[in-house]
Amino acid sequence: MHLARFPRIHLAHLPTPLEPMERLSKELGGPTLWIKRDDCTGLSTGGNKTRKLEFLMAEARAEGADLVLTQGATQSNHARQTAAFAAKLGIDCHILLEDRTGSTDPAYTANGNVFLDFLHGATAETRPGGLDMNAELEAAAERLRAQGRTVYAIPGGGSNPTGALGYANCALELVHQANERGLRIDRIVHATGSAGTQAGLVTGLQALNAGIPVLGIGVRAPKPKQEESVYALACATADKLGCAGVVAREDVVANTDYVGPGYGVPTPECLEAIELFAQLEGILLDPVYSGKGAAGLIDLIRKGEIGRDETVVFLHTGGAAGLFGYVGAFGYGAAKAAPEAVA
Ligand SMILES: *Cc1c(COP(=O)(O)O)cnc(C)c1O
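(A) Representation of the pattern of salt bridges in the model. By the definition in use, this model includes 21 salt bridges. Across the salt bridge formed by R100 and E98, the nearest N and O atoms sit 2.9 Å from each other. Using a relative accessible area of 25% as the deciding quantity, one classes R100 as partly exposed. One connected set of salt bridges, linked through shared partners, spans K36, D38, R51 and E173.

(B) Representation of the packing of aromatic side chains. The full count for this structure, using the stated rule, is four aromatic pairs. When the ring of Y108 is compared with that of Y326, the centres are 5.5 Å apart and the planes differ by 85 degrees; the resulting orientation is edge-to-face. Of this pair, Y108 sits in helix α4 (residues 106–110) while Y326 sits in the segment after β10 (311–316), and the two are 218 residues apart along the sequence. On the basis of relative accessible area, Y108 is assigned to the buried category, the value being 3%. Classification of Y326 as buried rests on a relative accessible area of 7%. The positively charged end of K49 is found above the aromatic ring belonging to Y289, 5.5 Å away from the centroid. Between the NZ or CZ atom of R51 and the centre of the ring of Y167, over which it lies, the distance is 5.7 Å.

(C) Region of the structure containing the site of the ligand. Near the ligand there are 17 residues, and of these K49, K52, S194, T197 and T317 occur at the shortest range. In this structure, an oxygen atom belonging to the ligand sits 3.1 Å away from a side-chain N or O atom of N48. Between the ligand and N77, the relevant distance is 3.0 Å, taken from an oxygen atom to a side-chain nitrogen or oxygen of the residue. With the chains in place, 98% of the 380 Å² that the ligand exposes on its own is no longer accessible. Of all elements in the fold, only α2 (49–62), β7 (187–192) and α8 (196–207) reach the threshold of two or more residues within the shell around the ligand.

(D) Broad picture of the pairing of β10. In terms of burial, β10 is a largely internal element, six of the six residues being buried. By the alternation rule, side chains of β10 split into T311, V313 and L315 and V312, F314 and H316, which are all buried.

(E) Geometry of the environment of L300. Tracing the sequence through the fold places L300 in helix α11 (residues 290–302). L300 sits 140 residues away from N160 along the chain, and the two C-alpha atoms are 30 Å apart. When neighbours within four sequence positions are excluded, L300 is seen to be in contact with L215, I217, N255, Y258, E305 and I306.

(F) Representation of the nonpolar core within the structure. Within the largest apolar cluster, 29 residues are counted, with the highest numbers of intra-cluster contacts made by M21, L24, L33, V189, F277, L297 and F314. Mapped by element, the contributors of at least two residues to this core are β2 (32–37), β8 (214–218), α10 (268–281), α11 and β10. If you tally residues by element for this core, the top one is α10, at seven residues. Setting aside residues up to four positions removed in sequence, F314 forms contacts with M21, W34, I35, K36, V189, H190, F277, L285, S290, G293, A294 and L297. Ranked by size, the runner-up nonpolar core spans 25 residues in total, among them Y167, C170, L201 and V313.

Cut-off values and rules
- Residues numbered from 1 in each chain as written.
- Predicted model: local features only at pLDDT ≥ 70, side-chain atom pairs only at ≥ 80, totals over all residues.
- Heavy atoms only, no water.
- Salt bridge = Lys/Arg side-chain N within 4 Å of Asp/Glu carboxyl O.
- Buried < 20%, exposed > 50% of the residue type's maximum accessible area, 1.4 Å probe, protein only.
- Phe/Tyr/Trp six-rings, centres within 6.5 Å; stacked < 30°, edge-to-face > 60°.
- Helix = DSSP H or I, 4+ residues; strand = E, 2+ residues; numbered from the N terminus.
- Lys NZ or Arg CZ within 6 Å of the ring centre and 35° of its normal.
- Near = heavy atom within 4 Å.
- Polar contact = N/O pair within 3.5 Å; in protein donor to acceptor, adjacent residues only side chain to side chain.
- Areas by Shrake-Rupley, 256 points an atom, 1.4 Å probe, with all protein chains shown as cover.
- Contact = heavy atoms within 4.5 Å.
- Core = buried A, V, L, I, M, F, W, Y, C linked by side-chain atoms within 4.5 Å.

Encoded structure:
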């Protein structure tokens, strides 16, 4: 796996830290938990899309693009990181934002990631939920090309074989960190959505023969659909890397029991996980992805499906900017009373 064969713009703050979560491990009475801090990739509050964009934006620049076009949900972290990366390169950014939740809360529609998209100078148009957004993306790309723009279109989540290279790179980085400190990892758990993170990670780990299973916690699609899309992308990524066939169907495992009512709708378990990470580890998760991923991790530990003697790495994929779109979900008032002083 020789990633220098692919065009790349080195913009992410790498390697991201790999840290123990001692208080959370103790609270759960169980596995030794570590966290891989891909919320700390450095670009506009960080997140997993930055690793993918290192490869995608290098292609955009090589093709002479003057505009990058992408799509995502209203509170898309991918859109925010794309807007920031484009700003850094001096390329225009236009985004199609899909209303997947129906929320009319101004915090959701205008704060958090949406605010940052515009702060980075991106333009956006909205779409109702449920459309074929990649078809919408193609149509918008055609329209902009007809206006004379040189468009580089990035699929939702930056999830194609080029973007997934960013997570093959993360696999290399994580295995190297674990080897350096003698940390034997039994499994990796993370939130999976548009599939590029898990596909790249699994492909990279298989190519390295690392023997570390990955569990994706779904945030939207049912299990068969999620696993199929990760597997298809992993196969295409392996082809691109020149190691076709390295990923088997059973290497791709997703648990989609923690989606709740739907994409972008936080569950009580998700909110509990966000509070646990915030209050025991000082780490910010998000209500759409990493909060649900952590809710899955915590529940599987409590049910004993993840063993107490395991060493588990939670890959923190970022998203904390989205918290500001969901402040109301936590129900905090203007003041929170301190514990009464002991007389
Ligand atoms: C996009 C995203 C994910 C999911 O990654 P995919 O590559 O789309 O599967 C997880 N967490 C956060 C915070 C994200 O923004």
